[in-house]
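What the coordinates show
Chain by chain, the residues:
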Amino acid sequence: MYTNASIILQNKLKFNEAINFYKKALNLAENLSDLYLIEELNYKLGMCYYKLGSLVVSREYFQQSYIGALEIGDTIGIINNLNYFGLISKRKEMYDSARLSFRSILEIPIKRNKKVRYWGMAYHNIGASFVNEENLDSARKYYKKAIAIKTKNKLSSTIYKNKSLLLTFLDLAEVEIKSKEYLVAMGYLNYVLDSSNMMFSESLIKEDFNYLNSIMKVYSMKGECLEKLYKDGDASGYLTDANDNYLEALKLINDSRQKFRTFQEIEILNKQYNAVFNSIVDLNYRLYTLTNDREYLHSTFRYVENAKSFGLFQSLNRNQAIESAGVPASIIMEIDRLNNMASFYSSQIEKIEQKQVIDAADSTRLIEFSIDKTKNEESLKDLMKNLENNYANYY
């Protein structure tokens, strides 16, 4: 009963609650001397603490699980614990130690059908450790080894439809972006999207938060590649396609916010949301400067408003605390919004003023931004005066 409750909580990313149930289950298993269950529960506790970032405690539980796996001859248990030894070392930036753990997995004799999963995992993680060291050639080499292993039995649907294969392609695309091989990266990203649409139903993808998060990254990375591939005179091509991909990522994020509500999920979505919105704002303004189409300028302001509103929504807990002290959250949110808009106007004015040559279009935009900045400053001044006069205790 404790184990089942813990698994449900763990799947919902409620790791602290899961830990409490796992510890009760572990106590019962130890009283019963159930070696198999003790090994499994130590492993699950290690996973929970790892997800919470408590690496020292996590390592202790994985060590106990590893010892138990050796004692009962659980080969898969040995491999899983070695994998987490490597991941913990990687998190601690001990990359040689991490690779030693991952390579140990490759030395364990396992059945052929198990190699696809576990050897593929080991090669992938070795590749990831090289990415952290900016050794992109080695990272590429090991990601390709992982792909070769994962696609070895290509005709087997249970293996071919393995999400981990597509995630390796995604990480390989990231290596190519870092290497400025944008066309190569685009090929991998398109493969991930096409294969994902072919292999998995839309409802299945949307039930898996981690995989859905990866698909969001695909669209965002495609947008980045298309921006990098832009050449002068092709504003209606690569850049508008980039914008479409960013908007697709944004749509997935917005849809996900309605469904995934744990603290960790919200934190991840917030981070993705802010990154994508910043890209959209910058890209729309870039399109405006290239085409002089004011629709792009209007879009820029619209997205800035939405992005800043979302950023302010993230501070809702802070605002509620202020409200309880007597200041309405709406006033604090408006102050923050005006401050953010002031930063935006200042940065855009600075960009224009730093140009070596300022043409007529730049002069027009400079005047527009300066007028809007002045209006924004006046609104902020009035609001601060209202705060000072009516909510003196705030200070």
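Everything below is about the structure printed above this text.
The following paragraphs examine the structure supplied in this document. (Residues numbered from 1 in each chain as written. Predicted model: local features only at pLDDT ≥ 70, side-chain atom pairs only at ≥ 80, totals over all residues. Heavy atoms only, no water.)

1. What to know about the overall build of the protein chain
What counts here: Note on conventions: DSSP H or I runs of at least 4 residues are helices, E runs of at least 2 residues are strands, and numbering of each starts at the N terminus. For every residue, the accessible area (1.4 Å probe, protein chains only) is compared with the maximum for its type, and the residue is labelled buried under 20%, exposed over 50%, or partly exposed between those bounds. Contacts are assigned to residue pairs that have any heavy atoms within 4.5 Å of one another. Note that accessible areas follow from Shrake-Rupley with a 1.4 Å probe, and for residues the cover is restricted to the protein chains shown.
Check the secondary structure of the protein chain and you find 19 helices and zero strands. The 395 residues of the protein chain split such that 48% are buried. The long-range share in the protein chain, meaning contacts at least 24 apart out of those at least 6 apart in sequence, stands at 58%. Element-wise, carbon and sulfur atoms account for 50% of the exposed surface of the protein chain, whose accessible area totals about 20900 Å².

2. Brief notes about helix α10 (residues 163-178)
Under the convention used in this document: By definition here, a helix of n residues has an expected span of 1.5 Å times n minus one.
Spanning 16 residues, α10 covers 23 Å between terminal C-alpha atoms, matching the ideal 22 Å at 1.5 Å per step. Counting buried positions over the 16 residues of α10 gives twelve, a clear majority of the element. Regarding α10, the residues found buried are Lys-163, Leu-165, Leu-166, Thr-168, Phe-169, Leu-170, Asp-171, Leu-172, Ala-173, Val-175, Glu-176 and Ile-177. Of the residues one or two after α10, Lys-180 is the one with positive phi, at around 65°.

3. Observations concerning the environment of Lys-259
Position of Lys-259 relative to the elements: it lies in helix α14 (residues 235-259). Considered as a pair, Lys-259 and Phe-209 are 50 residues apart in the sequence and their alpha carbons are 9.5 Å apart.

4. Digging into the packing of helix α3 (residues 35-51) against helix α4 (residues 55-72)
Keep this limit in mind: Note on geometry: axes are lines fitted to C-alpha atoms, helical ones only across the stretch in contact, with angles between N-to-C directions running from 0 to 180 degrees. Between 65 and 115 degrees an angle is taken as roughly perpendicular, under 35 as roughly parallel, over 145 as roughly antiparallel, and anywhere else as oblique. By convention the crossing between two helices is left-handed if the near helix lies anticlockwise of the far one by an angle smaller than a right angle, and right-handed if it lies clockwise. Lys, Arg, Asp and Glu make up the charged group, whereas Ala, Val, Leu, Ile, Met, Phe, Trp, Tyr, Cys and Pro make up the nonpolar group; the residues left over, Gly among them, are polar.
Relative orientation of the contacting elements α3 and α4 amounts to 155°, with a least axis distance of 8 Å. Overall, the two elements α3 and α4 adopt an arrangement that is roughly antiparallel. For the pair α3 and α4, the sense of crossing is left-handed. The segment α3 lies against α4, with Leu-35, Tyr-36, Glu-39, Asn-42, Tyr-43, Leu-45, Gly-46, Met-47, Tyr-49 and Tyr-50 engaging Leu-55, Val-57, Ser-58, Tyr-61, Phe-62, Gln-64, Ser-65, Gly-68, Ala-69, Glu-71 and Ile-72. Considering only residue class, the contact of α3 with α4 consists of 13 nonpolar, six polar and two charged.

5. Some thoughts on the nonpolar core
Rule in force here: By nonpolar core is meant a set of buried Ala, Val, Leu, Ile, Met, Phe, Trp, Tyr and Cys residues that side-chain atoms within 4.5 Å join together.
Counting residues in hydrophobic clusters, the biggest one holds 92 residues, and the most contacted among them are Phe-62 and Phe-369. Per-element tally for this core: the top contributor is helix α13 (residues 209-229), with eleven residues. With sequence-adjacent residues up to four places away left out, Phe-62 is seen in contact with Asn-42, Tyr-43, Gly-46, Met-47, Tyr-50, Asn-81, Tyr-84, Phe-85 and Ile-88. Core analysis: the next-biggest nonpolar cluster, separate from the first, contains 13 residues, Phe-15, Ile-19, Ala-29 and Ile-38 among them.

6. Quick word on unusual backbone geometry
Although it is not a glycine, Glu-93 sits at a positive phi angle of roughly 65°. Turning to its location among the elements, Glu-93 is positioned in the loop between α5 (75-91) and α6 (95-106).

Just distances and angles here, no functional claims.
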